[in-house]
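The primary structure of each chain is shown beneath.
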Amino acid sequence: MKKLVLISIASLFASSVYAADFRDIKVSEINNVKIDLPAAPSMDAAGTANACAGAVSKASGQQTAKCGHVSGEITKLHFLAQTAKSLLYTYADTEALFNEFTGMWKPILQKFGLTPTTTEYKNRFGTLNYTSPEDRVVRDFMADGLNYNALDANEIARLQHSLLEPLEQAGMTPIASFTIKHEVFRPTFNIYYLTKQDENPDHEIRLRQLKNGNDIDFALLKEAGVRIVREDASFSAVYIGKLVGFKSKVAADEASANAKLEEYKKFLVEQKKEFIGARIAKLDEPFTVGETTYTYYVSMYFYQ
């Protein structure tokens, strides 16, 4: 695992000026919880409307989601939690910095019904464990792999909220979302949200990105019930669900392509993976290897 040079820390939570019921939560508004940091960061107005507003959408006529997540800006990376199992973890150069991390995250966990338990700090690596009565766990989504203009703060904000709302509507409560400004990243943001824990992380319902170097068959995935929340590019999709896998094969003719599809479906059954769907089509430009000319290809999607 590549170790980021995790510099001291950050402006924690920049409060936002949002319309009454639909604005994000300030740290100071987390009920019955005291945050006591060695150096409290200043609160700056974000000035960006929250797209997770509980108003009726003009486009769909449906009620949109209300978001109550904690928001702000992170500029020092030991506050940037990473998620696994029923814990949050971070890299911090000193135990004092790790204590700042836990001081920030314990109130957030408590606000959303999770109970912080044990912590451990060793060799610049710190973990914060928690429990939940409903086996809910925190998972995170990092947006730096998406396609957007990183120099346009308004575009980043629109993208951020366009991903928060589908999570809320899917019952996967967003608990925090931070813009991230640090030299190791281009300007970006992340989202922390709740989902149901599964022993197999690939089977957890998460906010995920499909980006494997190939153009994506959005129509096929939608028809199969994959919940696409953003067609990010021809080769990039953001979706909510289990981990989607992809495999493509070339064939000399359509019959051979069908045979390869059936063979791979059998392989998926043996590996206990769920087939989603496939598409067989002609190559735009056939090519020859040795004595075989390949004219068809088959694209196959499955759940890992």
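All of these numbers come straight from a predicted model, not from anything done at the bench. (Residues numbered from 1 in each chain as written. Predicted model: local features only at pLDDT ≥ 70, side-chain atom pairs only at ≥ 80, totals over all residues. Heavy atoms only, no water.)

1. Here we look at the overall build of the protein
Working step 1: Within the protein, the secondary structure is distributed over 4 helices and 14 strands.
Working step 2: Taking all 304 residues of the protein together, the buried fraction comes to 43%.
Working step 3: Here the analysis covers contacts within the protein between residues at least 6 apart in sequence; of these, 65% occur between residues at least 24 apart.
Working step 4: Of the roughly 15600 Å² that the protein leaves accessible, carbon and sulfur atoms contribute 47%. (Helix = DSSP H or I, 4+ residues; strand = E, 2+ residues; numbered from the N terminus. Buried < 20%, exposed > 50% of the residue type's maximum accessible area, 1.4 Å probe, protein only. Contact = heavy atoms within 4.5 Å. Areas by Shrake-Rupley, 256 points an atom, 1.4 Å probe, with all protein chains shown as cover.)

2. Observations regarding the nonpolar core
Working step 1: Judged by nonpolar contacts, the single largest core of 28 residues is most densely connected at Leu-88, Trp-105, Val-138, Ile-175, Phe-178 and Tyr-192.
Working step 2: Mapped by element, the contributors of at least two residues to this core are β1 (70–74), α1 (95–111), β5 (125–131), β6 (136–142), β7 (174–180) and β8 (188–196).
Working step 3: With 7 residues, the single largest contributor to this core is α1.
Working step 4: The residues contacting Trp-105, other than those within four sequence positions of it, are Phe-79, Ala-81, Leu-88, Leu-128, Ile-175, Ala-176, Phe-178 and Tyr-192.
Working step 5: Counting residues in each nonpolar core, the second largest holds 17 residues, with Ile-156, Leu-163, Ile-191 and Ile-240 among its members. (Core = buried A, V, L, I, M, F, W, Y, C linked by side-chain atoms within 4.5 Å.)

3. Here we look at the sheet that holds strand β13 (residues 274–289)
Working step 1: Pairing is antiparallel in the open sheet, where 3 strands are placed in the order β12-β14-β13. On the outer flanks of this sheet lie β12 (244–251) and β13, each paired with one strand and no other. Looking at each pair of strands side by side, their axes are set apart by 20° on average, direction ignored.
Working step 2: Bridge analysis of β13 against strand β14 (residues 292–303) gives 11 bridges, and the strand direction is antiparallel. When the bridges of β14 are listed, Gly-277 appears paired with Tyr-301. (Pairing = 2+ DSSP bridges. Axes fitted to C-alpha atoms, helices over the stretch in contact; angles between N-to-C directions.)

4. Structural notes on the sheet that holds β6
Strands in a sheet are paired, the pairing made by backbone hydrogen bonds, and the direction either parallel or antiparallel.
Working step 1: Ordered by their spatial adjacency, 4 strands build an open sheet running β1-β7-β8-β6, and the pairing between neighbours is mixed. Of all the strands in the sheet, the pair left with one neighbour each is β1 and β6. Taken over all neighbouring pairs, the strand axes of this sheet differ in orientation by 20° on average, direction set aside.
Working step 2: Across 7 bridges, β6 lies against β8 in antiparallel orientation. Within β8, the residue paired with Met-142 across the bridge is Asn-190.
Working step 3: Set on the sheet, α1 makes contact with β1, β6, β7 and β8; between it and β7 the angle comes to about 145°.

5. Overview of the confidence of the model for the protein
Working step 1: Per-chain confidence: the protein averages 82 in pLDDT, with 78% of residues scoring 70 or above.
Working step 2: Confidence drops under a pLDDT of 50 for residues 1–65, and excluding neighbours within four residues, the segment shows 141 contacts in the predicted structure. (pLDDT = per-residue confidence, 0-100.)

6. Examining the packing of aromatic side chains
Working step 1: Inspection of every chain in the model, using the stated rule, returns 11 aromatic pairs.
Working step 2: Between Phe-178 and Tyr-192, the aromatic rings sit 6.2 Å apart at their centres with planes inclined by 65°, giving edge-to-face as the arrangement. Pair noted here: Phe-178 is in strand β7 and Tyr-192 is in strand β8, with a separation of 14 residues, a long-range link. Each member of the pair Phe-178 and Tyr-192 is classed as buried. (Phe/Tyr/Trp six-rings, centres within 6.5 Å; stacked < 30°, edge-to-face > 60°.)

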